[in-house]
Amino acid sequence: MSRIGKKPVELPSGVSASVSGQTVEVKGPKGTQTFNATDDVTIAVEDNVITVTPRGNSKRARQQWGMSRTVVANMVHGVQNTFKKELEIQGVGYRAAVQGSILKLNLGYSHDVNFDIPQGITVTTPKPTEIIIEGHDAQQVGQVAANIRDWRRPEPYKGKGIRYKGEYIFAKEGKKK
């Protein structure tokens, strides 16, 4: 039994949801989001509560049950608030700046890295070593943060690179002489 899947998703005031077939549409003050669920789950809206139930007892149905409920809950949160990921850059000369819809990164390469900011995502750099990513789609915000981090992952010897705020990098000891 999925502990997450069993919990119903409550709709706050100002947020409405509709289900047609396997498509869920959630509307709120910040916009509209849709999700196409697999045939392994059934989604129902009753009395400002969205419930997700599995069809059958197969492993795939149980997997989709919890995942679908989480996606619907993130959509309900996203049409009302924003999701936020913070990255920090460590390293001499490493910096970031936003110019229009492009994030310019100096990461020690012989060239600057130009990262195109996707539609629906807001990227700000309050300091040259801080990047804040915000948006209404939790999956998209996380994916953009992961793509930016992939340009220079933190290395274990000096700790240089792009890391999530508060991320701990296990430091390795260097070569012994």
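In the block above lies the structure referred to throughout.
On a predicted model such as this, the values are computed, not experimentally measured, just so you know.

Student: Let's hear about the sheet that holds strand 4 (residues 31–36): which residues, and what values?
Tutor: Spatially, 2-3-4 is the arrangement adopted by the three strands of the open sheet, whose pairing is antiparallel. Looking at the sheet topology across the chains shown, the edges are occupied by strand 2 (16–20) and strand 4. Adjacent strand axes in the sheet meet at a mean angle of 15 degrees, parallel and antiparallel pairs treated alike. For strand 2 and strand 3 (residues 23–28), the ladder comprises five bridges, and the chain directions are antiparallel. Within strand 3, the position partnered with alanine 17 by the bridge is valine 26. In the packing of helix 2 (residues 59–78) onto the sheet, contacts are made with strand 3 and strand 4, and the angle to strand 4 comes to roughly 170 degrees.

Student: Describe the pattern of salt bridges, and please don't skip the residues or the numbers.
Tutor: Per the stated rule, a full pass over the model turns up eight salt bridges. A salt bridge links glutamate 86 to lysine 84; the shortest N-O distance between them is 3.6 Å. Lysine 84 gets classed as partly exposed once you look at its relative accessible area, which sits at 46%. A salt bridge links glutamate 86 to lysine 165, with the nearest nitrogen and oxygen atoms 3.5 Å apart.

Student: So what's going on with the side chain of arginine 149? Which residues, and what values?
Tutor: Topologically, arginine 149 is positioned in helix 3 (residues 138–149). Given a relative accessible area of 12%, arginine 149 falls into the buried group. Not counting chain neighbours up to four residues away, the residues in contact with arginine 149 comprise Pro154, Ile162, Arg163, Tyr164 and Glu167.

So, how was this worked out
- Within every chain, residues take consecutive numbers counted from 1 along the sequence as written.
- Thresholds applied to this predicted model are a pLDDT of at least 70 for local features of residues and 80 or more for the giving and counting of side-chain atom pairs; totals over whole chains, interfaces and linings are not thresholded and use all residues.
- To obtain the side-chain values, all non-hydrogen atoms of the structure were included, while hydrogens and water were left out.
- One requirement defines pairing of two strands: DSSP has to find at least two bridges between them.
- To qualify as a helix, a DSSP run of H or I must reach at least 4 residues; to qualify as a strand, a run of E must reach at least 2; elements of each kind are numbered from the N terminus.
- Only the stretch in contact is used when a helix axis is fitted, and all axes are lines through C-alpha atoms; the angle between N-to-C directions ranges over 0 to 180 degrees.
- Note on definitions: a residue-residue contact is assigned when non-hydrogen atoms from the two residues lie within 4.5 Å.
- The term salt bridge refers to a pairing of a side-chain nitrogen on Lys or Arg with a carboxyl oxygen on Asp or Glu at a separation within 4 Å.
- When accessible area is computed with a 1.4 Å probe and restricted to protein chains, residues below 20% of their type maximum are described as buried, those above 50% as exposed, and intermediate ones as partly exposed.

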